[in-house]
Amino acid sequence: MAYTIETRNLAKRFGDEQVLKGLDLTVSRGEIFGLIGPSGAGKSTLLRTLTGYLTPSEGEVEVLEKSPSSFTPKDRRRLGFMPQGFVLYEELSVRQNLNFTAGLYGLNFWKRRRRVRETLEFVELWEHRRKKAADISGGMQRRLQLAAAIVHEPELLFVDEPTANLDPILRRRFWEEFRRLREEGRTLFVTTQYLGEAELCDRVGLLSGGTLVAVGTPEELRRRAFDGELVQLILGGDPGQLGTSLEALEKVGRVAEVRQNEQSEEATSLVRLLVEDAETALPKVLESLNGAEVRSVDVPKPSFDEVFFRLMKETSETV
Amino acid sequence: MKIGAVAAKEFWGIVRQPQLLLLLLVGPVLIMVIFGLSLDVQSILQPRAIVVVEPESEGAELFEQYRYKFTDRTDFVGTTDDLDSAQQQLQRGEVDAVITMPSDPLESVARGEQAVMEVIYSTINPVFGTAVPRRSYGLLLSLNQSIVQEGITRNIGDVRSAQEQIDELNRQFENVDAAAEALASEEAQEETAELDESLAELEESLETLEDAPGETGDEASTTLEQVRETRELLEEVRAAQEAGAEEIKDQTGASELERTLADLQSSLAELPADASPQVLANPFRLEVENLAIPPGIVGFYTPGVLALLIQHIAVSLASLSVIRERLGGAYEFFEVSPLGAGELLAGKFLTYFGLVLGSNLAVAAVLTVFLGIPITGGVLTMALAMALVTGASLGIGFLVSALARSQLQAVQVSMLLLIASVLFAGFLFPLGDMKGPATGISYFLPAAYGIRSLQDIMLRGEGLSYFDLAGLLVIAAGCLALTRYLLGRKKT
């Protein structure tokens, strides 16, 4: 199967500093791939290597089945790029800026005219088209930058930290727009330092210290971080029976955490059980607790902060 | 405290940019050092001159006699007998002046006319262009002074010497006259006659004794011989005495000499009375001709200001353009797009080219209309020269932009280029009066070609020289190609 993006043992050095260390990565057509990691992890370097702005020190890179270093202008028309900051021209109007970028991608006058309008409407900036870029808000500038990246309808869109410093409402809107683009069949490669945004991607790569710690769907990563799924139970009744209940639960999964609450009038216990698959394991859990007072059963999804932390810890222990 | 914090922040911000510091400190110092090494003040004061002389003529002799005056007062290039080739050298700018020596200066003076020394030069520079006529007049004055001084010294000596000799001869002639008069007197004639008689008696007596035997006869014979010789000489004296004093002087040649001396005295007395005092005091006069028509001070500096304006605006705009986008992140956006480095450069070039050329053509039009600055070589030729200067300056600006690390660096380089152009491109000081490193630097300054071209076209009515055309094209093409290469390089 031909991937939209494929790297093999990709490494990048700046002098003595090794920024990327032997990355093996694939991104399929039509998916949103999120590259997540803390500042300085090497996300922008990887993205710049994939766009052909930087050349790799070692390894191989293929984007749209070609090495980025041998991209022709025709190949580049298939790419879109949204840099971290607003890099367009503040002295130009919203429409002039978009006209300019559409021209860079070789759109003729009529097509440009149509696409500029469609794109500005898509990012909800059509009403502000005559305003100078300097006179619109930071959020609008980021949307204008996104419009500049998609005005030529690229197959593959590279987006570098699109939601950095944006408020949660705007961040959500951006992700809605990314999903709409994916629904149009485009592939998105998105870097972000917001771990929570991993949830919004089809597949996620965790990058730390230039190493790809883990790659997979958000669920896969969660399972990998916790060795399965969590089932959270609150048990009431006689605390003396708790031991019996735990023994029964051990037969279905692994008890990860037990916390007793003795401060309330009625003593309760919180039990977190790790199972392979929550959906299939849940009936068995309830069956094994026959006779015990089950106050509540929940299948919580641990935050990606926690997932990331566990995976990082796991990796460092392995190393 | 707050001001101190701001000041400290600004200070460290600058100190942590070593390249900027280098430009701020070393750049101006370097320019002034080069300026000091390159400005040839002597060259400004002493124009390069070639002297035209007719071989083996009086003028050539006189030139050789006073050659040191030419070499002292000019940057003497040499002599030639071909006026046309000397003028061509002048037109090519290889010499600043052509001095033509008259072929027969002394004959002119003898005719009572001043000999004419012709000087031609060609300059439109109203500031430094006066060196040729100024030095020529200095040379003329010195030449006249020396010739007159030497003439007077020699003549006075000759006259004095001749006069003394004549006086001596006259004294001697007075003695000769007296002697001749004395010899011709009656008294002298009587005494001579008496002496002759006494000698005749002695001769008879000695003839008698001559036959005596022994030593007496021999002695008498010898004495007799002496007496006879004396009588023969005395006979000549008596003959002269009988002829008179005049005959005595004629025979000795004294009369003829006396007449000659009288003629000489008369000639010496007559000579100064015929010569004109003007010619005697100034045997040479000067005819100076400037082949170019110098404009006023504003007119002269207008082409230079235009060339400097074009260069500075173009370099400033271009040097800031790429660096601004590189630092702002737009350049990375371009790198991912299909836009090639050459296309980016061409797009920028077209806009700036039109903007800079258009605005400066408008400035030239305003200057022409309101200040009456001439464009004698034609508007189209001027526009072509301005277009070439604009292209070359944009090339340099883009190259600066590709190399600079910050906008401040780019601005600083633009300023240094402007200062260098004012000093080394022929704006303040003629390029021909520069030597050493400044000459080399001027080859890389579009303003140097621009100032020369625009002065030629606007003020001299000439066309654009092939040298300037080629120079500007090479700078533009070289810088743009290098910038294209630098911008197109893959980041490693």
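Here is what the cut-offs are and how they apply
- Residues numbered from 1 in each chain as written.
- Chains lettered and ligands numbered in written order.
- Predicted model: local features only at pLDDT ≥ 70, side-chain atom pairs only at ≥ 80, totals over all residues.
- Heavy atoms only, no water.
- UniProt positions renumbered as here; feature names shortened; annotations may be inferred.
- Helix = DSSP H or I, 4+ residues; strand = E, 2+ residues; numbered from the N terminus.
- Buried < 20%, exposed > 50% of the residue type's maximum accessible area, 1.4 Å probe, protein only.
- Contact = heavy atoms within 4.5 Å.
- Areas by Shrake-Rupley, 256 points an atom, 1.4 Å probe, with all protein chains shown as cover.
- Pairing = 2+ DSSP bridges.
- Patch = residues over 30% accessible without salt bridge, like charges linked within 9 Å, V, L, I, M, F, W, Y side chains within 5 Å.
- Salt bridge = Lys/Arg side-chain N within 4 Å of Asp/Glu carboxyl O.
- Domains from an automatic or database assignment.
- Expected span 1.5 Å × (residues − 1).
- Axes fitted to C-alpha atoms, helices over the stretch in contact; angles between N-to-C directions.
- Parallel < 35°, antiparallel > 145°, perpendicular 65-115°, else oblique.
- Left-handed = near helix turned anticlockwise from the far one by under 90°.
- Nonpolar A, V, L, I, M, F, W, Y, C, P; charged D, E, K, R; others polar.
- Core = buried A, V, L, I, M, F, W, Y, C linked by side-chain atoms within 4.5 Å.
- Buried area = accessible area lost by both parts, 1.4 Å probe.
- Polar contact = N/O pair within 3.5 Å; in protein donor to acceptor, adjacent residues only side chain to side chain.
- pLDDT = per-residue confidence, 0-100.

In the nomenclature of an unreviewed UniProt entry, chain B corresponds to ABC transmembrane type-2 domain-containing protein from the organism uncultured Rubrobacteraceae bacterium. In the Subcellular location (unreviewed entry) part of its UniProt record, chain B is described as follows: "Cell membrane". Here chain B is described in UniProt, under the heading Sequence similarities (unreviewed entry), as follows: "Belongs to the ABC-2 integral membrane protein family."

S.K.: Which residues make up the overall build of chain B, and what values do they have?
M.R.: Secondary structure summary: chain B contains 21 helices and five strands in total. For chain B, the residues scored as buried account for 40% of the 492 residues in total. A sequence separation of at least 24 residues applies to 80% of the contacts in chain B between residues at least 6 apart. For chain B, the exposed area adds up to about 26,300 Å²; of that, 59% sits on carbon and sulfur atoms.

S.K.: Can you explain the pairing of strand S5 (residues 79–82) of chain A? Please cite residues and give values.
M.R.: Each regular strand shows side chains that alternate between the opposite faces of the sheet. Residue and element names in this part refer to chain A. Residues Leu79 and Phe81 point to one face of S5 and Gly80 and Met82 to the other, with burial holding for every one of them. Here S5 pairs with strand S6 (residues 156–160) via four bridges, running parallel. Along S6, the bridge assignment pairs Leu79 with Leu156.

S.K.: So what's going on with a nonpolar patch on the surface? Which residues, and what values?
M.R.: All names here are of chain B. On the surface, a cluster of nonpolar side chains totalling about 690 Å² of accessible area is made up of Val127, Ile297, Val298, Val366, Val369, Phe370 and Leu371. If you list the elements that add at least two residues to the nonpolar patch, you get helix H14 (297–328) and helix H16 (341–371). Per-element tally for the nonpolar patch: the top contributor is H16, with four residues. Relative to the elements of secondary structure, Leu371 occurs in helix H16. Judged by relative accessible area, Leu371 falls into the exposed class, the value being 51%.

S.K.: How would you explain the UniProt feature "transmembrane region" (unreviewed entry) in chain B if you had to name every residue and give the values?
M.R.: All names here are of chain B. Cross-referencing UniProt, the feature "transmembrane region" (unreviewed entry) maps to residues 20–39, 300–323, 349–373, 379–403, 410–429 and 466–487 in the present numbering. Helix makes up 95% of residues 20–39 and strand 0%, with an end-to-end C-alpha separation of 28 Å. The straight-line gap between the two end C-alpha atoms of residues 410–429 is 27 Å; of that span, 75% is helix and 0% is strand.

S.K.: Break down the environment of B:Thr230 for me, with residues and values.
M.R.: Residue and element names in this part refer to chain B. As for its position among the elements, Thr230 is in helix H10 (residues 215–243). On the basis of relative accessibility, which here comes to 40%, the residue Thr230 falls in the partly exposed class. Put simply, Thr230 and Gly397 are 167 residues apart on the chain and 119 Å apart in space, counted from C-alpha to C-alpha.

S.K.: Can you explain the side chain of A:Ser245? Please cite residues and give values.
M.R.: Within the element layout of this structure, A:Ser245 appears in helix H8 (residues 242–250). Discounting residues that sit within four places of it in the chain, A:Ser245 has contacts with A:Leu235, A:Leu289 and A:Ala292.

S.K.: So what's going on with the domain arrangement of chain B? Which residues, and what values?
M.R.: It is common to report an interface's size as the accessible area lost on association of the parts. According to the domain assignment, chain B consists of domain 1 (41–154 + 280–290), domain 2 (185–243) and domain 3 (295–488). One C-alpha centre belongs to domain 1 of chain B, the other to domain 2 of chain B, and the line joining them spans 80 Å.

S.K.: Can you lay out helix H5 (residues 138–150) of chain A for me, pointing to particular residues and giving the numbers?
M.R.: All names here are of chain A. Between its terminal C-alpha atoms H5 stretches 19 Å, which fits the 18 Å expected from 13 residues at 1.5 Å a residue. Counting buried positions along H5 yields twelve of 13 residues, so the element is predominantly enclosed. Taken together, the buried positions of H5 are Gly139, Met140, Gln141, Arg142, Arg143, Leu144, Gln145, Leu146, Ala147, Ala148, Ala149 and Ile150.

S.K.: Break down the sheet that holds S6(A) for me, with residues and values.
M.R.: All names here are of chain A. Overall, mixed pairing links the six strands, which are arranged S5-S6-S7-S3-S8-S9 in an open sheet. A strand with exactly one partner marks an edge of an open sheet, and here the two such strands are S5 and strand S9 (211–216). Across this sheet, the average inter-strand angle for adjacent strands is 15°, counted without regard to direction. Pairing geometry for S6 and strand S7 (residues 187–192), over five bridges, is parallel. Bridging across to S7, Val159 finds its partner in Val190. Strands strand S8 (203–208) and S9 of the sheet are contacted by helix H7 (residues 218–226), whose axis makes an angle of about 115° with S9.

S.K.: Would you mind going over unusual backbone geometry in detail, with residue names and values included?
M.R.: A positive phi angle is found at A:Glu161, which is not glycine, with a value near 45°. Note that A:Glu161 resides in the loop between S6 and helix H6 (168–183).

S.K.: Which residues make up the packing of helix H17 (residues 379–403) of chain B against helix H21 (residues 466–488) of chain B, and what values do they have?
M.R.: Residue and element names in this part refer to chain B. For the pair H17 and H21, the least separation of the axes is 8 Å and the interaxial angle reads 30°. The angle between H17 and H21 places the two elements in the roughly parallel class. Of the two possible hands of crossing, H17 and H21 adopt the one that is left-handed. Listed contacts from H21 to Ala385, Leu388, Val389, Gly391, Ala392, Gly395, Ile396, Phe398, Leu399, Ala402 and Leu403 of H17 are Leu469, Leu472, Leu473, Ile475, Ala476, Cys479, Leu480, Leu482, Thr483, Leu486 and Leu487. Within the contact of H17 with H21, the residues separate by chemical class into 19 nonpolar, three polar and no charged.

S.K.: Got a sec to walk through the nonpolar core? Specific residues and values, please.
M.R.: Formed by 154 residues in total, the largest nonpolar core has its most connected members in A:Val63, A:Phe158, A:Phe178 and A:Phe189. Here this core gets 13 residues from one element, more than from any other, and that element is H17(B). When near neighbours in sequence (up to four residues on either side) are disregarded, A:Val63 contacts A:Thr4, A:Ile5, A:Leu50, A:Pro68, A:Phe71, A:Leu79, A:Leu156 and A:Phe158. Formed by 21 residues, the second largest nonpolar core is a distinct cluster that contains B:Tyr121, B:Leu140, B:Leu143 and B:Phe284.

S.K.: Would you mind going over the interface of chain A and chain B in detail, with residue names and values included?
M.R.: Between chain A and chain B, the contact holds 24 residues from the first and 15 residues from the second. The largest contributions to the chain A side of the interface with chain B come from A:Tyr53, A:Phe81 and A:Leu104, which together make up 35% of the buried area. Here chain A is connected to chain B by one salt bridge. The salt bridge involving B:Glu332 is made with A:Arg48; its shortest N-O contact spans 2.7 Å. For the pair chain A and chain B, the number of links is four residue pairs in polar contact (both at pLDDT 80 or more). By residue class, the composition of the side of chain A that touches chain B is 14 nonpolar, five polar and five charged.

S.K.: Account for the confidence of the model for chain B, with residues named and values stated.
M.R.: Considering every residue of chain B, the mean pLDDT works out to 83; 89% of them sit at 70 or more. Averaged over each element, pLDDT in chain B is lowest for helix H12 (residues 254–270) of chain B (60) and highest for H17(B) (95).

S.K.: Provide a residue-level description of the environment of B:Ile44, including the pertinent values.
M.R.: All names here are of chain B. Take Ile44: it is sitting in helix H3 (residues 41–45). The exposure class of Ile44 is buried, given its relative accessible area of 11%. Sequence spacing of Ile44 and Phe429 is 385 residues, and the spatial spacing of their C-alpha atoms is 8.5 Å. Not counting residues up to four positions away in its chain, the partners in contact with Ile44 are Leu39, Phe128, Ala131, Phe429 and Asp433.

S.K.: Account for the sheet that holds strand S3 (residues 97–100) of chain B, with residues named and values stated.
M.R.: All names here are of chain B. The strand order across the open sheet built from five strands is S2-S1-S3-S4-S5, with neighbouring strands paired in mixed fashion. Since the sheet does not close on itself, it has two edges, and those belong to strand S2 (75–80) and strand S5 (284–290), each with one partner. On average, each strand axis in the sheet is tilted by 20° relative to the strand beside it, whichever way the strands run. Of the strand pairs in this sheet, S3 and strand S4 (residues 115–121) are connected by four bridges, and their pairing is antiparallel. Residue Val98 lies in a different strand from S4, and its bridge partner there is Ile120. Lying on the sheet, helix H6 (residues 83–91) is in contact with strand S1 (48–52), S2, S3 and S4; it crosses S3 at an angle near 160°.

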